[in-house]
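# Observations on the three-dimensional arrangement
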Amino acid sequence: MFSFSKYLTNDIAIDLGTANTLIYIEDKGIVVNEPSVVAVKKSNQEIVAFGIEAKEMVGRTPGEIITVRPLQDGVISDFELTEQMIRHFIRKVKVNKFIRPRIAIAIPSGVTEVEKRAVRDSAEHVGAREVYLIDEPMAAAIGMGLPIHDPIGSMVIDIGGGTTEIAVIALSGIVNHTSLRIAGDEMNEAIVQYLKRKYNLLVGDNTAETIKISIGSAAPFDEQGSLKIKGRDLVDGIPKTIEILGKEVQEALAEPVDAIMDGVKLCLEQTPPELAADILDRGIIITGGGSLLKGLDERLRRETNLPIVISEVPLECVVRGTGKILSDLISYQKVLTKTKKVYIT
Ligand code: ADP
Ligand code: MG
């Protein structure tokens, strides 16, 4: 049946991640899914590319152009570029021109009040009628269909690019929360450092990420694969190719993986006993791109002795959860982050 009210809605859900920005629209699904990267001209700060196009330039730009990740380590490191990037992605979305949109944005839970205000302002500048901010772990939990309204504790671990967010959620609130600045980016960096140390080989971030995704793993996963990679020799400066084994990548990733395990254990220790009992029954749900690292689920299972469930759509559940909230603001009222609108005079 033709629904007039649906036809008129103009709701935009955004996952403003440190690595990827996604936009979801009810009825259309995910309409934007691009890296949170901006390429800028050094001399006059002119923006030359956003998203996919900008990420392809990482490590390949002529001296005059630099690539920037405006949300680094889970905080907004560059307000101006963050705003430009949000505007750019929203502009790509075809919305009803006659109605100003309602925009809900999931933000890393470590962002400060000032940064929240900046995100809110950016959304208003692009014409939002109403803006809602949501903590990323809460959006992820809703996206995964957890019973967040019930007095039952759920533990969610979201391993993104800049941060690993560990949260215990019950009664529509975050009961306990830890944000580690160790996640996918640190894993890439660990691979870069390993190759430098062991092979005197210098590779860029994108190469390190490809290595991680194709043959990276967490112990005790039995990764048998190998990969030929190209880089520059640190001694003679000449390009060279080496073959790296999956086992070596696992060794390279040991440090960041250990740090994530320690963070999870610490968060479990701080969880109130009643909720800990719920987690014992229900297990831990893991999501975010980093949760796709091979063997990570098994490793968590061994270290915590708890059931571990991987989200079916780890890269999408935050934006899907944000969309759900927007489509039912009344039931989700409690999860909206309250940032007061402050006018600076
Ligand atoms: P954010 O929410 O911070 O934007 P995402 O949830 O989009 O982050 O996850 C991005 C991170 O996940 C990146 O560091 C990326 O390298 C990593 N990633 C994506 N796919 C895989 C994979 N198959 N194995 C390991 N890491 C992955
Ligand atoms: Mg995320």
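Residues numbered from 1 in each chain as written. Chains lettered and ligands numbered in written order. Predicted model: local features only at pLDDT ≥ 70, side-chain atom pairs only at ≥ 80, totals over all residues. Heavy atoms only, no water.

## Remarks on the pairing of strand β2 (residues 20–25)
Burial of β2 is extensive: five of the six residues sit out of reach of the surface. Here strand β1 (residues 11–16) runs beside β2; their pairing, made up of four bridges, is antiparallel. Looking at the pairing, I14 lines up with I23 of β2. Taking the residues between adjacent antiparallel strands as the criterion, β1 and β2 are bridged by three residues. In the sheet, β2 pairs with strand β3 (residues 29–35) via six bridges, with the strands oriented antiparallel. (Buried < 20%, exposed > 50% of the residue type's maximum accessible area, 1.4 Å probe, protein only. Helix = DSSP H or I, 4+ residues; strand = E, 2+ residues; numbered from the N terminus. Pairing = 2+ DSSP bridges.)

## Notes on the confidence of the model for the chain
Averaged over every residue, the pLDDT of the chain is 91; the share at 70 or more is 95%. Within the model, pLDDT remains below 50 along residues 340–345, and this stretch shows three contacts once partners closer than five positions in the same chain are excluded. (pLDDT = per-residue confidence, 0-100. Contact = heavy atoms within 4.5 Å.)

## Let's talk about the layout of surface pockets
In this structure, the largest pocket occupies an estimated 1100 Å³ of space. If you go around the largest pocket, you meet 46 residues; those closest to its centre are A19, N20, G161, D185 and E209. Counting residues per element, the ones that place at least two in the lining of the largest pocket are β2, β6 (65–68), α6 (184–199), α7 (205–215) and α11 (317–327). Classifying every residue of the lining of the largest pocket gives 14 nonpolar, 18 polar and 14 charged. (1 Å grid on protein atoms, 1.4 Å probe; cavity = no way out; pocket = protein on both sides within 12 Å on 5 of 7 lines; lining within 4 Å. Points joined across faces, edges and corners; volume = space filled by probe spheres on them. Nonpolar A, V, L, I, M, F, W, Y, C, P; charged D, E, K, R; others polar.)

## Some points on the pattern of salt bridges
Within this structure, the stated rule accounts for 19 salt bridges. The partner of D11 in a salt bridge is R102, with the nearest N and O atoms 2.9 Å apart. Residue D11 is located in strand β1, and its partner R102 is located in strand β9 (residues 102–107); the two are separated by 91 residues in the primary sequence. When its relative accessible area of 12% is taken as the criterion, D11 is described as buried. One salt bridge in this structure joins E83 and R87, with 3.1 Å as the shortest N-O distance. Of this pair, E83 and R87 both sit in helix α3 (residues 79–92), four residues apart, roughly one helical turn. What makes E83 buried here is its relative accessible area of 16%. Of the residues examined, R87 reaches a relative accessible area of 23% and is grouped as partly exposed. Among the charged side chains, a salt-bridge network with shared partners connects D258, K265, R299 and E303. (Salt bridge = Lys/Arg side-chain N within 4 Å of Asp/Glu carboxyl O.)

## Section: the site of ligand 1
Around ligand 1, the structure places 17 residues, and the nearest of them are T18, A19, N20, E209 and K212. One of the side-chain N or O atoms of T18 is found 2.6 Å from an oxygen atom in ligand 1. One nitrogen or oxygen atom from the side chain of K212 is found 2.7 Å from an oxygen atom belonging to ligand 1. The pocket occupied by ligand 1, as judged from atoms lying within 2 Å of grid points, is the largest pocket. Broken down by element, the residue count for the shell around ligand 1 peaks at three residues, all from α7. A per-class count over the shell around ligand 1 returns five nonpolar, nine polar and three charged. (Near = heavy atom within 4 Å. Polar contact = N/O pair within 3.5 Å; in protein donor to acceptor, adjacent residues only side chain to side chain. Sits in = over half its atoms within 2 Å of the grid points.)

## Focus on the sheet that holds strand β10 (residues 130–135)
Read across the open sheet, the six strands follow the order β3-β2-β1-β9-β10-β19; overall the sheet is mixed. Each end of this open sheet is capped by a strand with a single partner; those strands are β3 and β19 (336–337). Note that β9 and β10 share six bridges and pair parallel. Directly across from I103, in β10, lies its bridge partner V131. Contacting β1, β9, β10 and β19, helix α4 (residues 113–125) crosses the sheet at an angle of about 145° to β10. Helix-sheet contacts for helix α5 (residues 136–143) involve β9 and β10, and the interaxial angle to β10 is about 85°. (Axes fitted to C-alpha atoms, helices over the stretch in contact; angles between N-to-C directions.)

## Some remarks on the packing of α6 against helix α8 (residues 246–269)
The geometry of α6 relative to α8 is characterised by a closest axis approach of 9 Å and an angle of 140° between their N-to-C directions. Judged on the interaxial angle alone, α8 and α6 are oblique. Where α6 crosses over α8, the handedness of that crossing is right-handed. Residues E186, M187, A190, I191, Y194, K198 and Y199 of α6 form the contact with α8, whose participating residues are E248, V249, E251, A252, L253, P256 and I260. (Parallel < 35°, antiparallel > 145°, perpendicular 65-115°, else oblique. Left-handed = near helix turned anticlockwise from the far one by under 90°.)

## So, the domain arrangement of the chain
Each domain of the chain was delimited in the assignment, giving domain 1 (2–32 + 79–138 + 318–337), domain 2 (148–182 + 255–312) and domain 3 (184–254). Taken over C-alpha atoms, the centre of domain 1 sits 36 Å from the centre of domain 3. (Domains from an automatic or database assignment.)

## Overview of empty space enclosed by the protein
Rolling a probe over the atoms, with the probe sized like a water molecule, indicates the empty space that remains. If you walk through the whole model with that rule in mind, you get one cavity of 30 Å³ or more. In this structure, the largest cavity occupies an estimated 50 Å³ of space. As for the largest cavity, its lining consists of D11, A13, Y24, I25, E26, G323, L326 and S327. Put simply, the parts of the chain that give the lining of the largest cavity at least two residues each are β1, β2 and α11. It is α11 that contributes the most residues to the lining of the largest cavity, three residues altogether.

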